[in-house]
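Descriptive analysis of the structure
In case you want the letters, here they are:
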Amino acid sequence: MAAEAPGVPITPANRLWTGERLLVALVLAYVLFTTFWPLARLFSAGLQSGEDGAFLGVMRETLANRATGRALWNSLITSGLSALISAVLGVALALALSLLRLRTQAVLVFLILTPLIVPSQTMALAWIELFGSGSPVLGPLGLAPAPGTANPLYSAGGIALVMGVEHMPLVFIATRAALRSVPADLVEAARILGIPNRRIGTGIILPIALPSVLAGSLLAFTAAIGNFGVPALLGIPGRVSVLTTLIYQRLNGFGASAAGQVAVLAILMTAIAAAALVLRHVTMRRLSAPLPAGKPFEATRRAPVIEVLIWALVLLIAIAPLLALTMTALLPAIGVRFGLDTVSLAQFARVLGNDAVRRAFVNSLFLAGLCALISMVVSVPLAYLVVRRPNWLVRAIDVLVEAPWVVPGTVVALAMILAFLKPLPLIGVSLYGTMAILVVAYLARFLPLVLRPVTAAAQTADPALDEAGRIVGAGLWRRLAWIFLPHVLPAAIAGAILVLMTALNELTLSALLWSSGNETIGVMVFALQYEGNSTAAAAVAMLSAVMVFAICGLASACARWLPDNVLPWRR
Amino acid sequence: MLFRRAILSAAFLAGAILAANAETITVYTSQPQDQMAAVIAAFNKDYPDIKVELFRSGTTEVMAKLQAEQVAGKSPADVVLIADTVAMTQLKNDGRLYALNDLPTEGIAPEVIDKDKTYFGTKLITTGIVYNTNLVKTPPRSWNDLLVPDVAKRLIMPSPLYSGAAVIHLGTMLQQPEFGWTYFKTLADNGAVAGQGNGTVIEAVARGEKAYGIIIEYMALNAKAKGSPVDFVFPKEGVSTITQPVAILKGTDALEAAKTFVKWQLSRTAQEQAASQGYFPVLEGVAPPAGYPKPSTLKVLPADSNAMLRDDKKNKETFADLYGG
């Protein structure tokens, strides 16, 4: 508003420049505080010299450590294997759903995407219940492991399997989008030439889809490297440590004194994730071929047998774990046989009667809501600058804000601890141990979820409108509010919904940053399971899953006011 | 106008925070979530004006959090209520505990009170053997019964790297000439594994993934009461004990409220409630939970906690070598 202060003679050009400069300064300050400074602290902690003053001593010490090597190897193996599982499942399902005409298509798509919607630790808990020797689902079928044997999921293979299923939708979405862009004319032409169906598949459709399959798989791999919920619930009891859980254990066992070491582990994770993303970028650019525009290929073939097979698969990966979880939540204690005489809602009553659990729900709703709101407010001017007034500084900010979403959550949490543990200069207050550090961490992590759709929407807007506004003398703030905002608002809302869904069940950041009175739902599920109260953990997990499904429902109901392609299950 | 209102509401907020601070205490504890919820509810029946906030985790994590917050400048914690005396002694030696010389302690077992009055045991918790009743037909009676290869390979125990109770149990067993490291080495060689806290032990045994476990008694007996297929044995050689001490941190901003909370922990009401949650009380005349032996008939293994603190690091490292860590 300073630029429009009365009494100061400012030419329109001058005013524009001042307003914009203020805008850039505000955005820059925000990004410096939430993102740049914490990450810089983390990297400098990892690069510092050792106790004896050796160059990069901490890094060399940590890398030479046996536990580091083991965790690194386990991370690569479980993530690689899980990406493979995601790819096989995702491609198979995408092929079936795109090339065949199936009934109940919409329901199937939603169910296939559930592993992505249900939070990771809930998913892990659900799979533990499903595969344990006391499995309420497999037990009655005689398929449960023999009593006295450990849960087979407490292993590297188990971690890979559950993460593979959880990240499968990433491959599914990418592959399906590629298959949808296969022009009908191309397939038609091939058919007229008498090329057999099998060769159309391998010779035409597959090459078109391949880059997307690779890109989706690499995305699944990055997600697996950063996953904490699954290896925490399956790997800690199974003694399979990966980088994320090793960082968690080091920090909790040794406190802030381990900061240098864990910073090195965090840099290691960032390097792996970055390598995978660069590879993905290269794949997309090198391999994707330009396609002629035209009517997309429509599936016409029916396949009842395959339909049954797909339903069986979807039931196994989406419904069965959640069913096992629900059944466990209805039992009074672990190990009790499931039967009409034993089930009750007592567990739900107990957890809802627990102050900490209720507070966790309030905290998570507050954090997710606040984060969605602030991210919307920040995204609109930032997207304006990126699309309309890009200079080197704005471009740098645009790249930088992506970082906390791209690097694993554990890395972000660690950066926050290092940056905000000591009292802040000037005000002398430490954010560590308060809700504020969670707010800052969530803001840094989730901003891209809003910024990306808003920037995309801004790019489709006609720049002439903004010019016209400027010519008639509308100031920057007025043009932002009346010309730019209306155009990007739907995208901003869509991004905010995504943030809400993701942040509600956040665990990775919260697990390291929570403090007394500032529990989150994710932390609660994790803690209850950890202290030997799986039935209560299952009840909390159920409640949180129901809440997320309710938000999905709400978003679907509002879908007609939202732009296309916003809700992942409606693409 | 707007500005004045903002100042007024800021002042009001600050006032509200200050007022809340005077009556809010933060307890860092390793006692399970839902148990603490009940404890706070009972406390608030007697003292409705004192709000109790909670940070709950394993003892090692609680200690790490305190340490990190010390670096940060200040910890919100006023009261610590953790399982093991070794961690408490460490806090005391660091000069972080407040001495409570004027606390009335008549009727409290003298051996659970620190001689400098910095911490006070609130319960007696013993470590014994849990087994799955579906899988085990002849229950073990002695610690040595666990050494049998067929038993050891189906045994899980808590790790001292996570659990305070396990620190004391390991330390106590090591001080007995008939057990020592040979005992734990034989167990490991015969296939026994270590989980994390006692929670992982009851999970594994109740689910039937393991048939036997070393565990604190109330977790096993509470699970049994709720219907889990488990039972608990007090081994004939004796049990190790922890006292779940409570203490006030120096520098608390709610000293009076914290004192009230500590005093209440030792009161009859609190002790009876502890008994209802499955703990042996430390106050004379309060009956132990139904089905528990009389505390006087319990055979307790002797333990020297100073020696335990001295050997703490070495014990944990050796344990980690044997059981992975």
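The residue numbering used here restarts from 1 in each chain and proceeds along that chain's sequence as written. For naming, the first written chain is A and the first written ligand is 1, with later ones following in the order written. For a predicted model such as this one, the threshold for reporting local features is a pLDDT of at least 70, and the threshold for listing and counting side-chain atom pairs is 80 or more; totals across whole chains, interfaces and linings nevertheless cover every residue. Side-chain numbers here rest on the full set of heavy atoms in the structure, without hydrogens or water.

**Quick notes on the overall build of chain B**
- When helices and strands are counted, chain B shows 12 helices and 12 strands.
- What the globule rule says is 2.2 Å times the number of residues to the power 0.38, and the radius of gyration is computed from C-alpha atoms. Since a compact globule built from 325 residues should have a radius of gyration of about 20 Å, the 21 Å found for chain B is in line with a globular shape.
- Each principal axis of the C-alpha atoms in chain B carries an extent, and together these give about 80 × 40 × 40 Å.
- Counting only residues that meet the buried cut, chain B has 58% of its 325 residues in that class.
- Only heavy atoms enter the contact rule, under which two residues are in contact if any of them lie within 4.5 Å. Look at the contacts in chain B between residues 6 or more apart in sequence, and 77% of them connect residues 24 or more apart.
- Note on areas: these come from Shrake-Rupley sampling with a 1.4 Å probe, and a residue is covered only by the protein chains present in the view. With the model as given, the accessible surface of chain B reaches about 13300 Å², and the carbon-plus-sulfur share is 56%. Segments assigned H or I by DSSP are reported as helices when at least four residues long, segments assigned E as strands when at least two residues long, and all are numbered from the N terminus. Only protein chains enter the accessibility calculation, which uses a 1.4 Å probe. A residue is then buried if its area is under 20% of the maximum for its type, exposed if over 50%, and partly exposed in between.

**Focus: the confidence of the model for chain B**
Residues and elements named next belong to chain B.
- This prediction gives chain B a mean pLDDT of 87; 93% of its residues lie at or above 70.
- On a range of 0 to 100, pLDDT expresses the predictor's confidence in each residue. Taking the mean pLDDT of every element in chain B, the minimum, 47, falls on helix α1 (residues 2-23) and the maximum, 96, on strand β8 (residues 212-216).
- In the model, residues 1-22 has pLDDT below 50 throughout and makes four contacts with residues more than four positions away in sequence or in other chains.
- Among the scores for the predicted complex, ipTM is 0.72 and pTM is 0.79.

**Brief notes about the packing of helix α3 (residues 66-99) of chain A against helix α9 (residues 197-226) of chain A**
Residues and elements named next belong to chain A.
- Fitted lines through C-alpha atoms serve as axes, helices being fitted only where they are in contact, and the angles separating the N-to-C directions of these axes extend from 0 to 180 degrees. Their axes nearest at 8 Å, the elements α3 and α9 cross at an angle of 140 degrees. Of the possible angle classes, the one that applies to α3 and α9 is oblique. Judged by the twist between their axes, the crossing of α3 over α9 is right-handed. Contacts from S75, L76, S79, G80, S82, A83, S86, A87, V91 and L99 in α3 reach I205, V213, S217, A220, F221, A224 and I225 in α9.
- Its residues placed into classes, the contact of α3 with α9 shows 11 nonpolar, six polar and no charged. By definition in this entry, angles of less than 35 degrees are roughly parallel, angles greater than 145 are roughly antiparallel, angles of 65 to 115 are roughly perpendicular, and the rest are oblique. Crossings are classed by handedness, with left-handed meaning an anticlockwise turn of the near helix from the far one by less than a right angle and right-handed meaning a clockwise turn. Throughout this entry, Asp, Glu, Lys and Arg are counted as charged residues, while Ala, Val, Leu, Ile, Met, Phe, Trp, Tyr, Cys and Pro are counted as nonpolar. The remaining residues, Gly among them, count as polar.

**With respect to unusual backbone geometry**
- The backbone phi angle of K117 of chain B is positive, close to 60 degrees, even though this residue is not glycine.
- Mapped onto the secondary structure, K117 of chain B falls in the loop between α4 (85-93) and β4 (119-121).

**What to know about the sheet that holds strand β11 (residues 245-248) of chain B**
Residue and element names in this part refer to chain B.
- In space, the five strands of this open sheet follow the order β2-β1-β3-β11-β4, with mixed pairing throughout. Two strands bound the open sheet, and with one partner strand each, they are β2 (51-56) and β4. In this sheet, neighbouring strand axes are inclined to one another by 20 degrees on average, regardless of whether the strands run parallel or antiparallel.
- One bridge is not enough; two strands pair if DSSP finds at least two bridges between them. Strand direction decides the pairing type here: strand β1 (residues 24-29) and β2, joined by six bridges, are parallel. Bridge assignment links T26 to a residue of β2, and that residue is E53.

**Quick word on the nonpolar core**
- Buried Ala, Val, Leu, Ile, Met, Phe, Trp, Tyr and Cys residues that are joined via side-chain atoms within 4.5 Å together make up what is termed a nonpolar core. The biggest cluster of nonpolar side chains holds 201 residues, and the ones touching the most others in it are F172, M416 and V540 of chain A together with V80 of chain B.
- When near neighbours in sequence (up to four residues on either side) are disregarded, F172 of chain A contacts G90, L93, A94, L97, V109, I112 and L113 of chain A.
- Counting 64 residues, the second-largest nonpolar core is a separate cluster that includes L100, I125, I156 and V246 of chain B.

**Regarding the interface of chain A and chain B**
- Each partner contributes residues to the interface: chain A has 48 residues there, and chain B has 41 residues.
- By buried area we mean the combined loss of accessible area, with a 1.4 Å probe, across both parts when two parts are placed together. Summed over both partners, the interface of chain A with chain B comes to about 3700 Å²; 47% of that surface belongs to carbon and sulfur atoms.
- Considering only the surface of chain A that becomes buried against chain B, R239, Y530 and E531 of chain A emerge as the three largest contributors, covering 18% of it.
- The term salt bridge refers to a pairing of a side-chain nitrogen on Lys or Arg with a carboxyl oxygen on Asp or Glu at a separation within 4 Å. Where chain A meets chain B, there are three salt bridges.
- Salt-bridge contacts for E531 of chain A lead to R56 of chain B; the nearest nitrogen and oxygen are separated by 2.8 Å.
- The definition of a polar contact used here is a pair of N or O atoms within 3.5 Å, where within protein one atom must be able to donate a hydrogen and the other to accept one, and adjacent residues in sequence count solely through side-chain atom pairs. Summed over the shared surface of chain A and chain B, the result is 10 residue pairs in polar contact (both at pLDDT 80 or more).
- Those elements giving two or more residues to the side of chain A that touches chain B turn out to be α5 (120-131), α10 (229-238), α11 (243-254) and α23 (521-530) of chain A.
- With five residues, the top contributor of residues to the side of chain A that touches chain B is α11 of chain A.

**A closer look at helix α15 (residues 355-388) of chain A**
All names here are of chain A.
- Relative to the 50 Å expected for 34 residues at 1.5 Å per residue, α15 spans 49 Å between its end C-alpha atoms, a close match to the ideal helical length.
- Along its length, α15 reaches its greatest deviation from straightness, about 25 degrees, at S379, and the proline P381 lies no more than four positions downstream.
- Two or three places before A356, at the start of α15, stands the capping residue N354, its side-chain oxygen 2.9 Å from that residue's backbone nitrogen. By this rule the span expected of a helix is its residue count minus one, scaled by 1.5 Å. Axes are fitted to the seven residues ending at a residue and to the seven starting at it; the angle between these axes is taken as the bend at that residue.

**Remarks on the packing of aromatic side chains**
- Only rings of Phe, Tyr and Trp enter the pairing, Trp through its six-membered ring, and a pair is recorded when the two centres are within 6.5 Å. The plane angle decides the type: under 30 degrees is stacked, over 60 is edge-to-face, the rest tilted. For the coordinates displayed, the defined rule picks out 24 aromatic pairs over all chains.
- An angle of 80 degrees between the planes, with centres 5.0 Å apart, marks the rings of F43 of chain B and F261 of chain B as edge-to-face. Taken together, the residues F43 of chain B in helix α2 (residues 33-46) and F261 of chain B in helix α10 (residues 255-265) connect sequence positions 218 residues apart. For the pair formed by F43 of chain B and F261 of chain B, the shared burial category is buried.
- The rings of F228, Y248, F526 and Y530 of chain A are connected pair by pair, giving a single aromatic cluster.
- Here, a charge over a ring is recorded when the distance from Lys NZ or Arg CZ to the ring centre is within 6 Å and its angle to the ring normal is within 35 degrees. The ring of Y279 of chain B has K123 of chain B lying over it, and the distance from NZ or CZ to the ring centre is 5.1 Å.

**Quick word on the confidence of the model for chain A**
- Taken over all residues, the pLDDT of chain A has a mean of 83, while the share at 70 or more is 90%.
- Contacts of residues 1-10 of chain A to residues separated by more than four positions or lying in other chains number 10 contacts, the stretch itself having pLDDT below 50.

**So, the environment of K250 of chain B**
All names here are of chain B.
- Here K250 lies in the loop between β11 and α10.
- Separated by 134 residues in the primary sequence, K250 and D116 have C-alpha atoms spaced 14 Å apart.
- Residues in contact with K250, not counting those within four places in the same chain, are G95, R96, L97 and Y98.

**Considering the pairing of β1 of chain B**
Residues and elements named next belong to chain B.
- Across the six residues of β1, six count as buried, placing the element largely inside the fold.
- Taking every second residue as pointing to the same face, both faces of β1 are buried, with T24, T26 and Y28 on one and I25, V27 and T29 on the other.
- Here the term right-handed applies to a crossover when the path leading from its first strand over the helix to its second strand runs clockwise, the strands being oriented away from the viewer. Once the chain exits β1 it traverses α2 before rejoining the sheet at β2, and the crossover so formed is right-handed.
- Inspection of the sheet shows β1 paired to strand β3 (residues 79-81) by three bridges, in the parallel sense. Residue pairing in the sheet places V27 in a bridge with V79 of β3.

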